[in-house]
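Examining the three-dimensional arrangement
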Amino acid sequence: MMKLKKLIYSIFLFNLIFIYSEFVQARPESKPFPPFRIAGNLYYVGDNYQADYLIVTTQGNILINSGYEEDVSKIKASIAKLGFNYNDIKLFLISHAHGDHAGGGAIIAKETGAKYKVMDADVSVIESGGKSDFQYGNSHDPENFYKPVKVDQALHDGDKVKLGNMVLTAHLTGGHTKGCTTWTMKIMEKSKIYNVVIVGGPFVNPGYKLVHNLKYPTIAEDYKHTFQLLKSLPCDIFLGAHGMYYDLEKKYALLNTSLKNPFIDPAGYKKFIDLKEKDFFSEWAKQKGDA
Ligand SMILES: [Zn+2]
């Protein structure tokens, strides 16, 4: 009897630790990060965890990602510190419809009047404030939810979004969310043109069901397509929805000391995508029972 009690207790403890580690994984502590120019007219305005980008054009500015709602004030301060005007944001875009990238979207759209454009498969998630997300829609964690907001335009795979002298391409890289979006653009720096890739989110989160997922039946096929697509993109400047994808802190530290811009990192891009693809295939095999 004692033994059984002990066993139950240790299972209980194990589960607690497991739940705790998932919670910690969901949102590491974020710290402020200095805003800076990445290259040409492309700037970093996020913190050390969630990555937000400002693109300055001849007809106003583009903001990619908002962070959580409480991050908007930090983004405003970062934009001001760079010498730009928050109210010049004419276009607001996201990597995908999770709170850490879209949570402040409603405020930004309201305050700046920016047009909010979202990949079609993520539109309902944004408009429901996270409630229609296939994974987190029924969760009890308030961090998964945010102010719902009407999307101005639904985007489709390959759509081009234009503002002033800039053209951005929206690539559907689904799996992480149904409408997860990888943004590409060309940036001019010292009369050279660079291909920029902002990876939308290639991670298989803890608890994601890749097999028999009734809420997202094509999830595994979507991830598979995502990696094919990401491998086909020309990339000089490697960026993403989180700074950790591309070693933000390490590269930032090198920015003023190395002759070469450290964000120009095609090899790092390839390595990251290959690694995430491997992670996906091994998790898929595990869930299918092949591993
Ligand atoms: Zn996410």
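Just so it is clear, the model here is predicted, and its values are computed rather than measured. (Residues numbered from 1 in each chain as written. Predicted model: local features only at pLDDT ≥ 70, side-chain atom pairs only at ≥ 80, totals over all residues.)

1. What to know about the overall build of the protein chain
In plain terms, the rule: The secondary structure listing takes helices from DSSP runs of H or I that are at least 4 residues long and strands from runs of E that are at least 2 residues long, numbered from the N terminus. Atoms counted for the radius of gyration: C-alpha only. Globule rule: 2.2 Å times residue count to the power 0.38. As a rule, residues whose C-beta atom has 12 or fewer other C-beta atoms within 10 Å are exposed, those with 20 or more are buried, and those in between are partly exposed; C-beta atoms are placed from the backbone. Here, residue contact means that the backbone-derived C-beta atoms of the two residues sit within 7 Å.
Along its length, the protein chain carries 8 helices and 12 strands. Computed over the C-alpha atoms, the radius of gyration of the protein chain is 20 Å, within 12% of the 19 Å expected from 2.2 N^0.38 for a compact globule of 291 residues. A burial count over the protein chain gives 43% of its 291 residues as buried. For the protein chain, contacts bridging at least 24 residues in sequence account for 64% of all contacts bridging at least 6.

2. Some remarks on the sheet that holds strand 11 (residues 192-199)
As a reminder of what qualifies: Strands qualify as paired when DSSP identifies two bridges or more between them. Working convention: axes come from line fits to C-alpha atoms, limited for helices to the stretch in contact. Angles between N-to-C directions cover 0 to 180 degrees.
Pairing in this open sheet of 5 strands is mixed, and the strands run 8-9-10-11-12 from one edge to the other. Two strands bound the open sheet, and with one partner strand each, they are strand 8 (160-163) and strand 12 (237-240). Taken over all neighbouring pairs, the strand axes of this sheet differ in orientation by 25 degrees on average, direction set aside. For strand 9 (residues 166-172) and strand 10 (residues 181-189), the ladder comprises 5 bridges, and the chain directions are antiparallel. When the bridges of strand 10 are listed, Thr169 appears paired with Thr184.

3. Observations regarding the sheet that holds strand 7 (residues 153-155)
With mixed pairing, the 7 strands of this open sheet are ordered in space as 1-2-3-4-5-6-7. Unpaired on one side and paired on the other, strand 1 (36-39) and strand 7 mark the two borders of the sheet. The sheet shows a mean angle of 25 degrees between the axes of neighbouring strands, taken without regard to direction. As defined by bridge partners, strand 5 (residues 89-93) adjoins strand 6 (residues 115-119) across 2 bridges and the pair is classed as parallel. Residue pairing across strands places Leu91 opposite Lys115, the latter belonging to strand 6. In this fold helix 4 (residues 105-112) packs onto strand 4 (60-64), strand 5 and strand 6, with an angle of close to 160 degrees to the strand it touches most, strand 5. Together, strand 6 and strand 7 form the strand contacts of helix 5 (residues 120-127), whose direction differs from that of strand 6 by roughly 125 degrees.

4. Digging into unusual backbone geometry
Phi angles above zero are rare outside glycine, and Asn65 is one such case at about 80 degrees. Examined against the element boundaries, Asn65 turns out to sit in the loop between strand 4 and helix 2 (72-81). Even without being glycine, Ser191 reaches a positive phi, approximately 60 degrees. Within the secondary structure, Ser191 sits in the loop between strand 10 and strand 11.

5. Some details on the confidence of the model for the protein chain
Applied cut-off: pLDDT is defined as a per-residue confidence score from the predictor, taking values between 0 and 100.
The predicted model of the protein chain averages 92 in pLDDT, with 90% of residues at 70 or higher. Across residues 16-26, confidence stays below pLDDT 50; counting only partners more than four residues off in sequence or on other chains, it has 2 contacts.

6. Comments concerning the packing of helix 6 (residues 219-232) against helix 8 (residues 266-288)
Filter applied, for reference: Note on angle classes: values under 35 degrees are labelled roughly parallel, values over 145 roughly antiparallel, values of 65 to 115 roughly perpendicular, and the remainder oblique. For a crossing to be left-handed, the near helix must be turned anticlockwise from the far one by less than a right angle; the clockwise case is right-handed. Under the scheme applied, nonpolar residues are Ala, Val, Leu, Ile, Met, Phe, Trp, Tyr, Cys and Pro; charged residues are Asp, Glu, Lys and Arg; polar residues are all the others, including Gly.
Relative to each other, helix 6 and helix 8 sit at 160 degrees, their axes nearing to 10 Å. Compared by their axis directions, helix 6 and helix 8 come out roughly antiparallel. In this structure, helix 6 crosses over helix 8, and the sense of that crossing is left-handed. Along its contact with helix 6, which presents Ala220, Tyr223, Phe227, Leu230 and Lys231, the element helix 8 presents Ile273, Glu277, Phe280 and Trp284. Taken together, the residues of the contact of helix 6 with helix 8 sort by class into 7 nonpolar, no polar and 2 charged.

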